[in-house]
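One-letter residues, chain by chain:
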Amino acid sequence: MNLFKIVQKRTNKRKQKERPYQDAGAVLLFVFLLPYVISCLWGHVGKEAESFSSHKQEENNLDTGYTVILSGDWGTRTITMKDYLIRRLASVMPQEEEGIVYEEEALKAQAVLLRTELLGLMQDDGQQTDKTIVVQNDMNGYDLPTTVNKDVLEQYEQAVVITDGIILVYDGEPVKAAYFAVSNGQTRNGAYPYLKSVECRQDILASDFQSEAVFHKPDFERLATEILKVSEKTPDWEEMDFFYDDAGYVSEVTMGTASCSGETFRHAFGLNSACFEAEWRGENVVFHVKGVGHGFGMSQYGANQRALQGETFDEILNAFFFETELVKIE
């Protein structure tokens, strides 16, 4: 892998030789014809240059040199990594819902994480040489959401093309590219040194920052029994304990000697995140929830807010993943 360096392209302009004019008539003729000549000549050259640039860009695209094989009970699909990333980006950062508009730099940051995720899979499977990545049970990487229009699709494609081949690494290895929708106001400390808690105060402005889930007690007891495998016949569920991490997410749920992780618990109950409090209200159990997602890595809402404030995709990634660097794949 080569370290990623931002190189500013330069355009060379040929110097125009000065030509003497023999008389004022020639000068006037030149002045009147100049706009027409420039329009015709420059327009033609511009189109050819644009076509050539587009061709070279596709020819040199690193993402198209990798193949993604989607595999599942439904069979297999083969697609280039570039096309997979565009489709996957449309899936994890959908903009069809009213009021959701992602900034270009936020989309680029997410594209880098998705590419990093893929390269991590390839290394885990020992496929460093054949440039083929197998992804299990992910039709989201093949079928575009039906509501994606042409303009939005172009935004996803641009984010992938501009970040072509770029991944995020720590000590030379692809990071665990964690991301989620909305934090509870800060991200969580993870098992890796680059996953440290980051303040995301702006996330409280998200429309889905707070949510509530209500369960009738018999339904709650049935689900809780299945998850925790409680052996008592009539446990006192109000004695259930919730243990929180430093960021305010439930890390463990216990009932007597039985326990499960906060993530297992919240998925079983369909809660938006593991940042929740339970309230026993009459015959119901009410969960008050903050945030959307597991809370590790990059908050997509937070990334978008940073982009709105002028941060670039590399600055966004550096804010959420400590002591990491961007490199280009070979």
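Residues numbered from 1 in each chain as written. Predicted model: local features only at pLDDT ≥ 70, side-chain atom pairs only at ≥ 80, totals over all residues. Heavy atoms only, no water.

Description of the overall build of the chain
Then step 1. Helices and strands together make up the secondary structure of the chain, namely eight helices and 15 strands.
Then step 2. Within the chain, buried positions represent 41% of all 330 residues.
Then step 3. A fraction of 67% describes how many contacts in the chain between residues 6 or more apart in sequence connect residues 24 or more apart.
Then step 4. Taken as a whole, the chain presents about 19,500 Å² of accessible surface, with 49% of it coming from carbon and sulfur. (Helix = DSSP H or I, 4+ residues; strand = E, 2+ residues; numbered from the N terminus. Buried < 20%, exposed > 50% of the residue type's maximum accessible area, 1.4 Å probe, protein only. Contact = heavy atoms within 4.5 Å. Areas by Shrake-Rupley, 256 points an atom, 1.4 Å probe, with all protein chains shown as cover.)

Details of the packing of aromatic side chains
Then step 1. As enumerated under the stated definition, the model contains 15 aromatic pairs in all.
Then step 2. Their ring planes at 35° and their centres at 5.4 Å tell us that Phe220 and Phe269 sit as a pair that is tilted. Separated by 49 residues along the polypeptide, Phe220 in helix α5 (residues 217-228) and Phe269 in the loop between α6 (262-268) and β12 (276-281) bring together distant segments of the chain.
Then step 3. A relative accessible area of 1% places Phe220 in the buried class.
Then step 4. Look at Phe269 and you get buried, because its relative accessible area is 4%. (Phe/Tyr/Trp six-rings, centres within 6.5 Å; stacked < 30°, edge-to-face > 60°.)

Quick notes on the sheet that holds strand β10 (residues 250-255)
Then step 1. With antiparallel pairing, three strands are arranged side by side in an open sheet as β9-β10-β11. The open sheet terminates on both sides in strands that have one partner only, identified here as β9 (241-244) and β11 (258-261). Sheet twist, expressed as the average angle between the axes of neighbouring strands with direction ignored, equals 20°. (Pairing = 2+ DSSP bridges. Axes fitted to C-alpha atoms, helices over the stretch in contact; angles between N-to-C directions.)

Re the pairing of strand β3 (residues 75-80)
Then step 1. When strand β2 (residues 67-72) meets β3, the two strands line up antiparallel, connected through six bridges. Each bridged residue has a counterpart across the sheet, and for Ile69 the counterpart in β3 is Thr78.
Then step 2. Connecting β2 to the antiparallel partner β3 that follows it, the hairpin turn spans two residues.

Things to note about the environment of Lys176
Then step 1. Of note, Lys176 is situated in the loop between β6 (173-174) and β7 (179-180).
Then step 2. With relative accessibility at 40%, the residue Lys176 sits in the partly exposed group.
Then step 3. Separated by 15 residues in sequence, Lys176 and Ala191 have C-alpha atoms that sit 9.9 Å apart.
Then step 4. With near-sequence residues (within four places) excluded, Lys176 lies in contact with Asp124, Tyr192, Tyr194 and Phe321.

Here's the deal with the side chain of Lys108
Then step 1. Residue position: Lys108 is located in helix α3 (residues 104-124).
Then step 2. Lys108 gets classed as buried once you look at its relative accessible area, which sits at 7%.
Then step 3. In this structure Lys108 touches Ala159, Ile162, Thr163 and Phe313, once residues within four positions along its chain are discounted.

Some remarks on helix α4 (residues 150-162)
The periodicity of an α-helix, 3.6 residues per turn, causes residues three or four places apart in sequence to face the same way.
Then step 1. Compared with the 18 Å implied by 1.5 Å per residue over 13 residues, the 18 Å span of α4 between its first and last C-alpha is a close match.
Then step 2. What α4 keeps buried is the set Val152, Tyr156, Ala159, Val160 and Val161. (Expected span 1.5 Å × (residues − 1).)

What about the nonpolar core?
Then step 1. Counting residues in each nonpolar core, the largest one holds 52 residues, and the members touching the most others are Met81, Leu89, Met298, Leu317 and Phe321.
Then step 2. No other element matches the ten residues that α3 contributes to this core.
Then step 3. Among all residues touching Phe321, those that are not within four sequence positions of it are Leu113, Leu168, Lys176, Ala178, Tyr194, Leu195, Gly297 and Met298.
Then step 4. Of all hydrophobic cores here, the second largest spans 23 residues; its members include Leu228, Ala258, Phe265 and Phe276. (Core = buried A, V, L, I, M, F, W, Y, C linked by side-chain atoms within 4.5 Å.)

Overview of the confidence of the model for the chain
Then step 1. Of the residues in the chain, 76% reach a pLDDT of 70 or more, and the chain-wide mean stands at 82.
Then step 2. Long-range and interchain partners of residues 1-56, a stretch whose pLDDT sits below 50, account for 22 contacts in this model, where long-range means more than four residues apart. (pLDDT = per-residue confidence, 0-100.)

Focus on the sheet that holds strand β4 (residues 132-136)
Then step 1. Strand order in the open sheet formed by three strands is β3-β2-β4, and the pairing between neighbours is mixed. At either end of the open sheet lies a strand with only one pairing partner, and these are β3 and β4. Averaged over all pairs of adjacent strands, the angle between strand axes in this sheet comes to 20°, irrespective of strand direction.
Then step 2. Running at roughly 105° to β3, helix α2 (residues 81-92) makes contact with β2, β3 and β4 of the sheet.

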